[in-house]
Structures are given as structure tokens and as C-alpha cells.
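# Architecture and fold: a report
Residues per chain, in single letters:
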Amino acid sequence: MARRDIYHDTVKRALQKDGWTITHDPFPLQIGKKRLSADLGAERLISAEKGIQQIVVEVKSFVGQSDVKDLEQALGQYVLYRQVLNEMGIERILYLAVSRPTFNSVFTIELGQVLLKNQIIRLIVFDEEREAISQWIPD
């Protein structure tokens, strides 16, 4: 089993506080003989008319020596997981979960903004102190 991100349990608790039920920990992915796993699967009832919303969440701490290298790795993993989910026919929305400080240092500058503007990536921004979701992007 892969090593969990340092914020794994923080994000799990934040999602639960936000009304999500954790369905998978980790969320299994497979393409051919290769087995992968995203950090979490979760769902919640939106309304009786709209039904259940289901998501997959990959948690990243960005604690390496370079935010750019961390972003490259996270983005590569995100794109890979999104493609595998599509191939598996799984209709869950994929999110990358990052802390507020990571969001402020990586996704408010041009490099991160281009990913958000072009809807390349979806983010869950969390407050690690309060163990709460701060922002969903896009909302």
C-alpha cells in the first residue's frame, strides 16, 4: 500500500464535517494489470431530485523543495487518474485537495491560475488547523 499524504486524515475529517460520507479509503483504480489508488472516494446526497454526488479525492501536501516539481507531480497524477476513471467508466468527479497555504503559494500565481482558468484541474482547498473545507474550485 502506498504511503499516505500527511494531510490524508485531515482531508477525510474535513469532508465528513462538510457532509460527505467516505466510501473508499483508498479508492481503487485499475487499468490492464496495473493497480493504482487515489486517496479517497466520497459521496453525499445533493437533493431528492438531483440524487447523490460522488467524488474521488487525491490529497497533496506540496512539502518538497520545489512547488513547481510538486505541482508537476500532482498534475501528472491527477491527469492519469482522470483518464483511468474515464476508461473504467466511473463517473465520479476528481479533485486535488491542497491546504490553504499551498493554494496561496501555488494556485494564486500565473502558473497555477492557468490550470484553473482552463479547467484542467479541480481543487478542494482545506484549512488544516480547523480540519474544514475552505473552498471548492470550481464551486
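Look a little higher up for the structure.
Here the residue numbers are simple positions, counted from 1 along each chain's written sequence. Thresholds applied to this predicted model are a pLDDT of at least 70 for local features of residues and 80 or more for the giving and counting of side-chain atom pairs; totals over whole chains, interfaces and linings are not thresholded and use all residues. The basis for every side-chain value is the complete set of non-hydrogen atoms in the structure, without hydrogens or water.

## Structural notes on the pairing of strand β5 (residues 51–59)
Selection criterion: Here, any two strands with at least 2 DSSP bridges between them count as paired. Helix and strand assignments follow DSSP, with helices taken as H or I runs no shorter than four residues and strands as E runs no shorter than two, numbered in order from the N terminus.
Pairing between strand β4 (residues 40–47) and β5: seven bridges, direction antiparallel. By the bridge assignment, serine 47 is partnered in β5 with glycine 51. A loop of three residues connects β4 with β5, the two strands running antiparallel in sequence. Bridge count for β5 against strand β6 (residues 93–99) is five bridges, and the pairing is parallel. Within β6, the position partnered with valine 56 by the bridge is leucine 94.

## Focus: helix α1 (residues 8–17)
Just so we agree on the cut-off: Burial here depends on accessible area, computed with a 1.4 Å probe over protein chains only, as a share of the maximum for the residue type. Under 20% is buried, over 50% is exposed, and the range in between is partly exposed. The arc in question is the one spanned by the directions pointing from the helix axis to the C-beta atoms. Throughout, a residue-residue contact means that at least one pair of heavy atoms, one from each residue, lies within 4.5 Å.
Listing the buried residues of α1 in full gives His8, Thr10, Val11, Ala14 and Leu15. All buried residues of α1 fall inside an arc of 165° around its axis, so they share one side. Its buried side turned inward, α1 meets β1 (21–24), β4, β5, β6, β7 (123–127) and β8 (132–137). Two residues or fewer past α1, glycine 19 is found with a positive phi of approximately 95°.

## Digging into the packing of helix α3 (residues 100–107) against helix α4 (residues 110–117)
Geometry of a packed helix pair, given as the angle between the helix axes and the separation of the axes. Stated formally: In this analysis, axes come from line fits to C-alpha atoms, helices being fitted only over the stretch in contact, and the angle between any two N-to-C directions falls in the range 0 to 180 degrees. Roughly parallel refers to an angle under 35 degrees, roughly antiparallel to one over 145, roughly perpendicular to one between 65 and 115, and oblique to any angle outside these ranges. In this classification, the charged set is Asp, Glu, Lys and Arg, the nonpolar set is Ala, Val, Leu, Ile, Met, Phe, Trp, Tyr, Cys and Pro, and all remaining amino acids, among them Gly, are polar.
At their nearest, the axes of α3 and α4 sit 6 Å apart, and the two run at 100° to each other. With respect to α4, the element α3 is oriented roughly perpendicular. Seen from α3, the contacting residues are Phe103, Val106 and Phe107; seen from α4, they are Gly112, Gln113, Leu115 and Leu116. Grouping the amino acids of the contact of α3 with α4 by side-chain chemistry returns five nonpolar, two polar and no charged.

## With respect to the pattern of salt bridges
Any two side chains of opposite charge can pair, given that their charged atoms come close. What counts is decided by this rule: Note on definitions: salt bridges are taken to be side-chain nitrogens of Lys or Arg within 4 Å of carboxyl oxygens of Asp or Glu.
As enumerated under the stated definition, the model contains eight salt bridges in all. Of the charged contacts in the structure, one is a salt bridge between glutamate 131 and arginine 13, with a shortest N-O distance of 2.7 Å. Separated by 118 residues along the polypeptide, glutamate 131 in the loop between β7 and β8 and arginine 13 in helix α1 bring together distant segments of the chain. We classify arginine 13 as partly exposed; its relative accessible area is 37%. Put simply, glutamate 58 and lysine 60 hold a salt bridge, and the shortest N to O gap is 3.4 Å. An identical accessibility class is assigned to glutamate 58 and lysine 60; each is buried. Connected through salt bridges with shared partners, the residues Arg4, Asp9, Lys12 and Asp25 form a single ionic network.

## Observations concerning the sheet that holds β1
Strands sit in the order β1-β4-β5-β6-β7-β8 across an open sheet of six strands; the sheet is mixed. A single partner strand is all that each edge strand has here, and the edge strands are β1 and β8. Pairwise comparison of adjacent strand axes, ignoring direction, gives a mean angle of 35° for this sheet. Contacting β5 and β6, helix α2 (residues 67–88) runs over the sheet at an angle of about 160° to β6. Across the sheet, α3 is in contact with β6, β7 and β8; its angle to β6 comes to roughly 100°.

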